[in-house]
Amino acid sequence: MHGIVVRKYGGTSVAGAPRLARIASAAQRRQLSRRKAVVVASAMSGETNRLVNALRRTVREPEPIAADAVVCTGEQVTIGLLSAALWERGVSNAALTGWQVPIITNGDHTRSLISSVYTRRIYTVLRVSAATMVAGFQGVDALGCSSTLGRGGSDTTAAALSSVLRSPCLIYTDVDGVCTGDPRLVPSARVILRISYEEMCELAGFGSRVVHDRSLTLQGRSAVGMSVLSSSSGTCNNEKLRTSVFFNLGRLMPMDRPQATSVSYRRCRAYIYLRASGGGDVILTLSALCGEKIELLSFLHDGARGVRAAMTTPASAAPGLEGALCNLRCRTRLRRSQCDAASCDVSTVGLGIRYAQVACSIALPMLRRAHAIATSEIRISLCLKERDLRCAVGRMHLTCLHGDWRRGFADSGATWL
Ligand SMILES: Nc1ncnc2c1ncn2[C@@H]1O[C@H](COP(=O)(O)OP(=O)(O)O)[C@@H](O)[C@H]1O
Ligand SMILES: N[C@@H](CC(=O)OP(=O)(O)O)C(=O)O
């Protein structure tokens, strides 16, 4: 069989008949290249939310297994329509849902993990036709029930298929590629042509929606190439402008030159600070009490003075957290606590930017407004009040635009204190 390529179309790219027709026409043109396609499609933009709302109007607390039976239908409609549009243009294909492939999950409904993917049916279809449509965001559990992979899960389907078929993965979306910042918030954002896998993971984990973070974990296992490109320019056969994710870009970088690549942000975060004279079990207790994923920003054990910890969590967990803090105050020696539910975080990602000098230069103009600053090997994050988000993204983006953190800092002017 000729080479296979996995093409994933997101919700905005398949929203409405004209967009589906554009994708089908592009598939018709590509038939000449004789490369077979596995097309993964999401539900049309807004459709999954509509299904979730319909469910909530019907029952107060839907059983996850039943919820999945409802929310997985959006993708089925898209692949059916896309399949019809391709047939109309003479492109032979078959449309498969998650259970038909099958994509086997661990059955943790509404947020399932993929355990295995059977490829035989995909190969059978591709032997006799040009494309296989696969419904994104879904698989099947051991009982044969549909189970979904969590919001944004179509990227995960595409990455899993790319990984098992050992074929490149193209993520088509509504922007020209991964940019130096979210184009919706930063009009001057530019497309990054080459990004390292590690930077992409960090961006996805810290708010950039353009590629879902779980899909990157899967892609990392097989190290098969991934690109992000626009579904509208792509369908005009102009696929030159795109972001390619490289697995060894670090080796191509000049030694010892920190490089700011992109800025990402997460809204609706809660910032928590606490001081206690007890031990580190305060955080574990807190985490267990509120049942939400807590990200630890810093944890200091200050000898006899006890512990000081700063954390963030989704704002939806804030009410539960405040209750948990009250509870802790009674049970442990909690001296001080603060919970700001109107917070956000803004991160600059780039190879080599963790060192203190660079970190300070990027974060300094915003220091006084920040709750906390946290760094990883390739990221500097500021936790701020939600109202400061736009300004912080703009400031940090200047650094990314120039690539070089020194120049970005000089241009930003440290006047925001
Ligand atoms: N660094 C970034 N580069 C490009 N897009 C970004 C970035 N950060 C956030 N985004 C946002 O991600 C959106 C694409 O993600 P999403 O809406 O989930 O797409 P899809 O519907 O194709 O899955 C873009 O419209 C853009 O607003
Ligand atoms: N339809 C699902 C899955 C998905 O991945 O959508 P998108 O590709 O548009 O982010 C959702 O809304 O979560």
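What counts, and where the lines are drawn
- Residues numbered from 1 in each chain as written.
- Chains lettered and ligands numbered in written order.
- Predicted model: local features only at pLDDT ≥ 70, side-chain atom pairs only at ≥ 80, totals over all residues.
- Heavy atoms only, no water.
- Patch = residues over 30% accessible without salt bridge, like charges linked within 9 Å, V, L, I, M, F, W, Y side chains within 5 Å.
- Areas by Shrake-Rupley, 256 points an atom, 1.4 Å probe, with all protein chains shown as cover.
- Salt bridge = Lys/Arg side-chain N within 4 Å of Asp/Glu carboxyl O.
- Helix = DSSP H or I, 4+ residues; strand = E, 2+ residues; numbered from the N terminus.
- Buried < 20%, exposed > 50% of the residue type's maximum accessible area, 1.4 Å probe, protein only.
- Near = heavy atom within 4 Å.
- Polar contact = N/O pair within 3.5 Å; in protein donor to acceptor, adjacent residues only side chain to side chain.
- Nonpolar A, V, L, I, M, F, W, Y, C, P; charged D, E, K, R; others polar.

A. Representation of a nonpolar patch on the surface in the model. Among the surface-exposed residues, Leu364, Leu367 and Ile373 lie close enough to one another that they form a single nonpolar patch of about 220 Å² accessible area. Tracing the backbone shows Ile373 in strand β17 (residues 370–376). Ile373 sits in the partly exposed class, given a relative accessible area of 36%.

B. How the structure looks around the site of ligand 1. Near ligand 1 you find 19 residues, and of these Thr173, Asp174, Cys179, Asp182 and Arg184 are the closest. A distance of 2.8 Å separates a nitrogen atom of ligand 1 from a polar backbone atom of Cys179. Relative to its unbound accessible surface of 570 Å², ligand 1 loses 89% to contact with the protein.

C. A look at the site of ligand 2. Around ligand 2, the neighbouring residues are Lys8, Gly10, Gly11, Ser42, Ala43, Thr48, Glu75, Phe137, Arg151, Gly152, Gly153 and Ser154. Interatomic distance of 2.6 Å between a side-chain N/O atom of Ser42 and an oxygen atom of ligand 2. When the free accessible area of ligand 2 is taken as 340 Å², the share hidden by the protein chains comes to 78%. Residue classes in the shell around ligand 2 are distributed as 2 nonpolar, 7 polar and 3 charged.

D. Here's a closer look at the pattern of salt bridges. Overall, the coordinates contain 13 salt bridges when judged by the stated rule. Among the salt bridges present, the one from Asp155 reaches Lys8, with a minimum N-O distance of 2.8 Å. Taken together, the residues Asp155 in helix α6 (residues 154–165) and Lys8 in strand β1 (residues 4–9) connect sequence positions 147 residues apart. The exposure class assigned to Asp155 is buried, which follows from its relative accessible area of 4%. On the basis of relative accessible area, Lys8 is assigned to the buried category, the value being 8%. Note that Arg269 and Glu295 form a salt bridge whose closest N and O atoms lie 3.7 Å from each other. With a gap of 26 residues between them, Arg269 in strand β13 (residues 262–276) and Glu295 in strand β14 (residues 295–301) connect regions that are remote in the sequence. Residue classification places Arg269 among the buried positions, given a relative accessible area of 7%.

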